[in-house]
Every structure is written in C-alpha cells, then in structure tokens.
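Topology and contacts: notes
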Amino acid sequence: QTYQNLEIILVDDGSTDGSREICDAYAFRDRRIMVLHQDNAGVSAARNRALDRCHGEYLTFVDADDYIEKDLVEVLLHNLLAFKADVVSCYSNRIYLLGDVPIDEFPYHDRIVYENKEELLSDLFRDKLPVEVWGKLFKRTVFRQQRFNTNFKCAEDVLLWENLSKNIHKAVFLHLRKYKYVIHGGSLFFFKDFNEAAFDDVRVMKKISRDLQNSGGKLQQIGDMRYYDSLIILLKRLQKCGVTAKYAAQARICQKEIKDNIFRLLRNPVINWRKKVSAVFISLNLRAYYF
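Regarding the overall build of the protein chain
Per the secondary structure count, the protein chain includes 12 helices and nine strands. The globule rule puts the C-alpha radius of gyration for 291 residues at 19 Å, and the 20 Å found for the protein chain is close to it. With the principal axes as the frame, the protein chain shows a C-alpha extent of 60 × 45 × 35 Å. Among the 291 residues that make up the protein chain, the fraction classed as buried is 44%. Of all intrachain contacts in the protein chain linking residues separated by at least 6 positions in sequence, the fraction that spans at least 24 positions is 74%. Taken as a whole, the protein chain presents about 16300 Å² of accessible surface, with 50% of it coming from carbon and sulfur. For the protein chain, the separation between the mean place of its 45 positive charges and that of its 39 negative charges on side chains is 6 Å.

Here is the structure:
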C-alpha cells in the first residue's frame, strides 16, 4: 500500500492449502504483519478475532481471495478525514474467473454523503450501496463492542450494519473502484451448487424485518421487502440447483410464509411488480411458479 503506517492482521482460519506457512513467512519479513492461527470457524469468527487484537484508529477488511489497488487505504483515509466521516467506502470491480480468464465489470455510482441513519439503512437494505464490510474504512469507534454474528455464514454483513448504524453519524460512498471482488466459476453466484448457508440469508432478513417493525414508514417497508425477497430468491435457487425435492419441507415453509402475508406483501409500495407476481404464483402453487 502507498500508505505505509499499517498494522496488517492475517487470520489463518484453519487453512489446509499452505496458507499458514505463507502467512508466517510474510510476518517474518515485515514487522507490520501479525498472524493469528485458529481452527476453521468461518469468516465472522476470523474477523472478530482480528477486531479483538487490532490497535489502529481505523479498520479495513480484505477477504482472502480478493485484492485491492495499492492506494486504497491512502485514498479512503484522505476522504474520511476530509469529510469528517465515520466510514468511507469505495465500490468494487467484480472479477469473474472463468478458467484462468478474468472478466472485469465496471458499474457506475456517484459520490453520496449520508448524515441520516434511516436514509443510509434504506439504501443499504435496497442494494443501492455496497453492504459488504470490505472496500471500506471505518473509524475503530464505530465498532466499539459490536462484532460479527457467528451464527450465520451468509449475509452477516447486512446484519452488522443494523448495529453499526447507531455509531455512524456520517458515511461517504465514493465514485471510485479500488476493491477487486473475485468470483470463481464454482461459486454460489452462478447457481451451480446449493449451499445450505443460503438459508442464513432468510434467517438474517427475517431478524432485520422484525427489528424494523417498530421503526414505521419506509424503513419498515424495506425490511419487509428484503425478507420476502430473500424467500423468493431462496425458492428460485432451490429450483435452479435442482434440489427442490431434497429441501421440499423448507420450500413449503417459505411458501407458507409468503402465502400468509400475501396481502401485506402486495400492499408494500417498495416491492416491485415482478416480485409481487412471483409471490402470487408462489402462494397459489409452487410448481406454477417454477414453470
């Protein structure tokens, strides 16, 4: 990184591919690097362990298979100080690794400054902003005692924002691409294989929806939208991966949840008409929806 005053914490989460030795070798060469070894416990536990050991005033996260541009920290820190913000974010390029050929995607976003918690959460939960913790620089005080929920393997970033927002007075999202998000051909992104961690997305969104029930207005509607959207996406994923028979009981639970709340779903102004049509088909007949 062009910004050199770094504490770099590498968490070896029970790796079996030689990463342990590589991490230790880098720590031997560079005193800024601290290596923490642990039995495999998942990304949330790994991040929590680093949070418990870090010393810096600011925090940023990088996932193991991604990479960042050399000036990411410098640019984010400069903007965080200039805007007197609690968190500053860049956007990412998705790098699709189809075999050995990377394919770059360049979405476009303007710079946005948030000084209202409800507006920030509304845009995060509607996927108007990158919700992942990577590609961002946080003041350490934003986390305080907040940690990642280790009960979930999926959507843990979304759940964290609900808690972090209490400590965020200003957030800035820059029109910059500094983080490279690597997507492998065998990942869930391509719907080739079904991973039971996908059920976590529904559980997380249900919790968020319940938490926002008393918030009223648009934020409550967005919480409901994300929950019902997660049910529809899960049913689609089950069908795409050809595992509807294996998870028939779970599919029926999703269907019942949509059917029992169909009128509330149809009256929600932030749910688009395509999702409403899908919800009607699901509530009437799952086979008809899949067809």
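Alright, that's what it looks like, and here's the rest.
Things to note about the environment of Val87
Its location among the elements puts Val87 in strand S5 (residues 87-98). Classification of Val87 by relative accessible area gives buried; the value is 2%. Each C-alpha atom of the pair Val87 and Tyr58 lies 9.2 Å from the other, and the pair is 29 residues apart in sequence. Setting aside chain neighbours within four positions, we find Val87 in contact with Leu80, Lys136, Leu137, Phe138, Trp161, Ile168, Lys170, Ala171 and Val172.

Remarks on helix H4 (residues 117-125)
Side chains that are three or four residues apart share a direction in an α-helix, a result of its 3.6 residues per turn. Taken as a whole, H4 has its buried residues at Leu120, Leu121, Ser122, Asp123, Leu124 and Phe125. Buried residues along H4 sit against strand S7 (112-114), helix H6 (156-164), strand S9 (171-184), helix H7 (198-211) and helix H8 (217-240). The distance from a side-chain oxygen at the start of H4 to the backbone nitrogen of Glu118 is 2.9 Å, and the residue carrying that oxygen is Asn116. At the exit of H4 stands Asp127, carrying a positive phi of roughly 65°.

What about the packing of H8 against helix H11 (residues 273-284)?
One can describe the packing of H8 onto H11 by two numbers: an axis separation of 11 Å at closest approach and a directional angle of 65°. Judged by the sense of rotation from one axis to the other, the crossing of H8 with H11 is left-handed. The segment H8 lies against H11, with Asp229, Ile232 and Leu235 engaging Lys275, Ser278, Ala279 and Ile282. The residue makeup of the contact of H8 with H11, split by class, is four nonpolar, one polar and two charged.

Re the environment of Lys206
Looking at where Lys206 falls in the secondary structure, it is placed in helix H7. According to the relative accessible area criterion, Lys206 is partly exposed, its value standing at 28%. Through-space distance from the C-alpha of Lys206 to that of Gly223 is 8.3 Å; in sequence the pair is 17 residues apart. Among residues more than four places away in sequence, those in contact with Lys206 are Tyr227 and Glu257.

As for the nonpolar core
If you look at the biggest cluster of nonpolar residues, it comprises 59 residues, and the most contacted ones within it are Leu120, Leu124, Phe138, Phe143, Phe194, Leu235 and Ile258. At 10 residues, H8 tops the list of elements feeding residues into this core.

Describing the packing of H7 against H8
Two numbers describe how H7 lies on H8: the axes approach to 8 Å, and their chain directions differ by 165°. In terms of orientation, H7 lies roughly antiparallel with respect to H8. Relative to H8, the crossing made by H7 is left-handed. Along its contact with H7, which presents Ala198, Phe199, Asp201, Val202, Met205, Lys206 and Ser209, the element H8 presents Gly223, Asp224, Arg226, Tyr227, Ser230, Leu231, Leu234 and Arg237.

Some details on the packing of aromatic side chains
The tally for this structure, following the rule as stated, stands at 14 aromatic pairs. Centre to centre, the rings of Phe61 and Phe138 are 6.4 Å apart; their planes meet at 75°, and the pair counts as edge-to-face. Taken together, the positions of Phe61 in the loop between strand S3 (58-59) and strand S4 (67-68) and Phe138 in strand S8 (residues 136-139) put the pair 77 residues apart, joining distant regions of the chain. In this structure, Phe61 and Phe138 share a single accessibility class: buried. Relative to Tyr181, the ring of Trp134 has its centre 5.1 Å away and its plane inclined at 25°; by these criteria the two rings are stacked. Pair noted here: Trp134 is in the loop between H4 and S8 and Tyr181 is in strand S9, with a separation of 47 residues, a long-range link.

Cut-offs used in this document
Residues numbered from 1 in each chain as written. Predicted model: local features only at pLDDT ≥ 70, side-chain atom pairs only at ≥ 80, totals over all residues. Heavy atoms only, no water. Helix = DSSP H or I, 4+ residues; strand = E, 2+ residues; numbered from the N terminus. Rg over C-alpha atoms; globule rule 2.2 N^0.38 Å. Buried < 20%, exposed > 50% of the residue type's maximum accessible area, 1.4 Å probe, protein only. Contact = heavy atoms within 4.5 Å. Areas by Shrake-Rupley, 256 points an atom, 1.4 Å probe, with all protein chains shown as cover. Lys, Arg positive; Asp, Glu negative; His and termini not counted. Charge placed at Lys NZ, Arg CZ, Asp CG, Glu CD. Polar contact = N/O pair within 3.5 Å; in protein donor to acceptor, adjacent residues only side chain to side chain. Axes fitted to C-alpha atoms, helices over the stretch in contact; angles between N-to-C directions. Left-handed = near helix turned anticlockwise from the far one by under 90°. Nonpolar A, V, L, I, M, F, W, Y, C, P; charged D, E, K, R; others polar. Core = buried A, V, L, I, M, F, W, Y, C linked by side-chain atoms within 4.5 Å. Parallel < 35°, antiparallel > 145°, perpendicular 65-115°, else oblique. Phe/Tyr/Trp six-rings, centres within 6.5 Å; stacked < 30°, edge-to-face > 60°.

On their own, these measurements won't tell you what the molecule is for.
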